[in-house]
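Spelled out, the chains give:
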Amino acid sequence: MSRRQEAVFVISVAARLSGMHPQTLRIYERRGLVAPYRTEGGTRRYSQQDIDRLLLISELTSAGLNLEGVRMVIELQDEMSAMRKEHKRGRRQRELLASTAGRAAQLEAENERLRAKIRELDDRLGAVSGELEGLRRIYYHNFPGPAKSD
């Protein structure tokens, strides 16, 4: 879902949901603590993620942090979130690599089985070719071609 599709609350609704005054939301936006989506006409649209961030800001300021402290907490949370995503991506890559290595081992075993089968068939073909050559010799020995006339 795009940022635009998620951002559905106008500032008055966002203010009501967060328990703040609309002017407070504007201040937080100017300070870079929240960044609502802007329509082509410039109207602010807040997402549920924006509302959650506003509630966090309210909780942190109620606990005694000033806005600079709130910014630091938010930045740290964003860094942690990015690190978790990177860790998760790395874990998925390791799992994919492990499954790929497992599949490669299976394919190598299948390759070796097929090579052995080819060697067996080559040996059998050699034996059959030898028998066929022997039968040809017997046939031509017993049934010589027409005699050549001088």
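Rules and cut-offs
Residues numbered from 1 in each chain as written. Predicted model: local features only at pLDDT ≥ 70, side-chain atom pairs only at ≥ 80, totals over all residues. Heavy atoms only, no water. 1 Å grid on protein atoms, 1.4 Å probe; cavity = no way out; pocket = protein on both sides within 12 Å on 5 of 7 lines; lining within 4 Å. Points joined across faces, edges and corners; volume = space filled by probe spheres on them. Helix = DSSP H or I, 4+ residues; strand = E, 2+ residues; numbered from the N terminus. Nonpolar A, V, L, I, M, F, W, Y, C, P; charged D, E, K, R; others polar. Buried < 20%, exposed > 50% of the residue type's maximum accessible area, 1.4 Å probe, protein only. Arc of directions from axis to C-beta. Contact = heavy atoms within 4.5 Å. Phe/Tyr/Trp six-rings, centres within 6.5 Å; stacked < 30°, edge-to-face > 60°.

Caption draft 1: Examining the layout of surface pockets more closely. In this structure, the largest pocket occupies an estimated 360 Å³ of space. What lines the largest pocket is a set of 15 residues, among which Gln 49, Asp 50, Arg 53, Asp 78 and Ser 81 lie closest to the centre. When residues of the lining of the largest pocket are traced back to their parent elements, those giving at least two are α1 (3-6), α4 (48-62) and α5 (67-142). Of the residues assigned to the lining of the largest pocket, the class counts are four nonpolar, four polar and seven charged.

Caption draft 2: Focus on the environment of Glu 68. With respect to the element layout, Glu 68 can be found in helix α5. Glu 68 gets classed as partly exposed once you look at its relative accessible area, which sits at 43%. For the pair Glu 68 and Arg 31, spaced 37 residues apart in the sequence, the C-alpha separation amounts to 9.3 Å.

Caption draft 3: Expanded view of helix α2 (residues 11-18). Along α2, the residues classified as buried are Ile 11, Ala 14, Ala 15 and Ser 18. For α2, the buried positions fall inside an angular range of 100° around the axis, keeping them on one side. In this structure, the buried residues of α2 make contact with α3 (22-30), β2 (44-45) and α4. One or two steps after α2, the chain reaches Gly 19, where phi turns positive at roughly 75°.

Caption draft 4: Region of interest: the packing of aromatic side chains. Applying the stated criterion to the full structure yields two aromatic pairs. On the numbers, 5.3 Å between centres and 75° between planes, the contact of Tyr 139 with Tyr 140 is edge-to-face. Relative to Phe 143, the ring of Tyr 139 lies with its centre 5.3 Å away and its plane at 45°, an arrangement referred to as tilted. According to the relative accessible area criterion, Tyr 139 is partly exposed, its value standing at 47%.

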